[in-house]
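# Understanding the architecture of this molecule
So the chains spell out like this:
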Amino acid sequence: MKVIDSITSSLLLSYTVSAFAPQSLRAQKQRQCSAAAPLHMSGDRAHTEKMLEDMMGDDWRTFRAKLVAQELADAQPEQDIRNAHRTMHQSDTAWRNGGNGGFFSGAMSFIKGNNNHNREQQNQQEQNANVQRDHLDMPNIDDSSLLACNDPFASAEDIPALLEPRVKIDSKRWAHQLPNVEPGCVLIANEKLGGVFHQTVVLIIDHDDVNGSTGLVINRPLEGTLMQISSATTSAERKGNLDKGLQMAFNAAKVSYGGPVMQDDYTVLHGWGEVEGSKKVAPGVFVGGSSELAFEARRSNFNPAHALFTKGHAAWVPNQLQREINRGVWYIASASSNFILRYAGAELKDGVDNPDDLWADILTAMGGHFPQIAQAFAGPGDKRMKKLP
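Notes on the structure in this doc start here. (Residues numbered from 1 in each chain as written. Predicted model: local features only at pLDDT ≥ 70, side-chain atom pairs only at ≥ 80, totals over all residues. Heavy atoms only, no water.)

### Remarks on the pairing of strand 3 (residues 201-208)
Note that strand 2 (residues 186-189) and strand 3 share three bridges and pair antiparallel. Paired with Val186 across the two strands is Leu203, which belongs to strand 3. Pairing geometry for strand 3 and strand 4 (residues 212-217), over six bridges, is antiparallel. If you follow Leu203 over to strand 4, its bridge partner there is Leu216. Connecting strand 3 to the antiparallel partner strand 4 that follows it, the hairpin turn spans three residues. (Pairing = 2+ DSSP bridges. Helix = DSSP H or I, 4+ residues; strand = E, 2+ residues; numbered from the N terminus.)

What follows is the structure, encoded as structure tokens:
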């Protein structure tokens, strides 16, 4: 309604000026309206569009996360069969080698018939598993599912991508591994990586083969607010180049160490919307647009606590990041916007989220062997950096 009201007010003002004002005043008012309208409309429209996307569930990454979760769930029974086969094989080998002493060796003749029977069952289970694997690429879809997808041209092979996955995930708290880097993904530092990137989470902003990659560390909050850090006079390094107007508008905003490159520069991370001067990195995640956000903050439309300013950034020349990934330096993951905006006012889930350890939270949500890594290499958490390195 704010957007519609703003449009209506602008149109009425233009009509009134045209009809009744002198020519010079009319031209002056029209110039003022044309200059002011985009500034007012940009924030409102961007936030409204973002809210509509949230209501409609228009996040393709969430749908992909559901598909990944479904694939993992479908693969689990087959993995259980393989584990059972491995255990049976190891047990059978131990019996035949007499590895349990003379008493068990003497009992071999008693259980030999049972072993033969077990091997027959094992062969049958392996054949069943092979049949299951043969049908993974050709899913058995019934006619009701074909009708449910509402696509008259859909084939059985198309159905898995058209139907809602059976596995449910928390839309605000999910993460899964990715095979390749993409804008909006996060790099999770390998547990053995040291230095300034130890247990960091890096949001990838840009990535291509020509210009390389840029990213922001999003889990190294610094001590103090934006006003305190940007106004510090004890160190020119910490002062940065933030103007006074933004300092006042975002005086209580958090600041994170963003990376070792250009540490005098600030970048704002937020979930408000694709305002003027910003870039949509992923659904619900935006960088830039600080001037427009400051305008909305002064109108009390935007909460400055829902912005994270990162100081500096990370950068890789073409192919450098891929070489690091090939060496195992980083895990690549797609993560929910609530994870990415952890320090930009995102909602926390009581009893589940660790508000001080984003690295461990994302690894835990990724499933597989990653929760064990998070637990085994638990560190001091995110709030370990008191000043810039």
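### What to know about the environment of Val68
As for its position among the elements, Val68 is in helix 3 (residues 60-96). Sequence separation of Val68 and Val167 is 99 residues, and the distance between their C-alpha atoms is 9.4 Å.

### Here we look at helix 14 (residues 358-366)
Most of helix 14 sits inside the fold, with seven of its nine residues counted as buried. Listing the buried residues of helix 14 in full gives Leu358, Trp359, Ala360, Asp361, Ile362, Leu363 and Met366. Of the surrounding secondary structure, the elements contacted by the buried residues of helix 14 are strand 1 (175-177), strand 2, strand 3, strand 10 (330-335), helix 13 (337-340) and helix 15 (370-376). Within two residues after helix 14, Gly367 carries a phi angle of roughly 75 degrees, on the positive side. (Buried < 20%, exposed > 50% of the residue type's maximum accessible area, 1.4 Å probe, protein only. Contact = heavy atoms within 4.5 Å.)

### Section: the pairing of strand 8 (residues 285-288)
For strand 6 (residues 261-270) and strand 8, the ladder comprises two bridges, and the chain directions are antiparallel. Residue pairing in the sheet places His270 in a bridge with Phe286 of strand 8. Relative to strand 8, strand 7 (residues 278-282) runs antiparallel, the two being bridged by four bridges. When the bridges of strand 8 are listed, Ser278 appears paired with Gly288. Counting the residues in the hairpin turn of strand 7 and strand 8 gives two residues, including Gly284, whose phi is positive at 85 degrees.

### So, the pattern of salt bridges
Taken as a whole, this structure holds eleven salt bridges when the rule is applied. Here Asp353 and Arg173 are joined by a salt bridge, their closest N and O atoms 2.5 Å apart. A residue pair is termed long-range when its members are at least 10 positions apart, and Asp353 in the loop between helix 13 and helix 14 and Arg173 in the loop between helix 7 (159-162) and strand 1 qualify at 180 residues. This pair shows no difference in class: Asp353 is buried, exactly as Arg173 is. Between Asp382 and Arg220 there is a salt bridge; the shortest N-O distance is 3.9 Å. Separated by 162 residues along the polypeptide, Asp382 in the segment after helix 15 and Arg220 in the loop between strand 4 and helix 8 (226-230) bring together distant segments of the chain. Arg220 carries the same exposure label as Asp382, and that label is buried. One connected set of salt bridges, linked through shared partners, spans Arg173, Arg342, Asp353 and Asp361. (Salt bridge = Lys/Arg side-chain N within 4 Å of Asp/Glu carboxyl O.)

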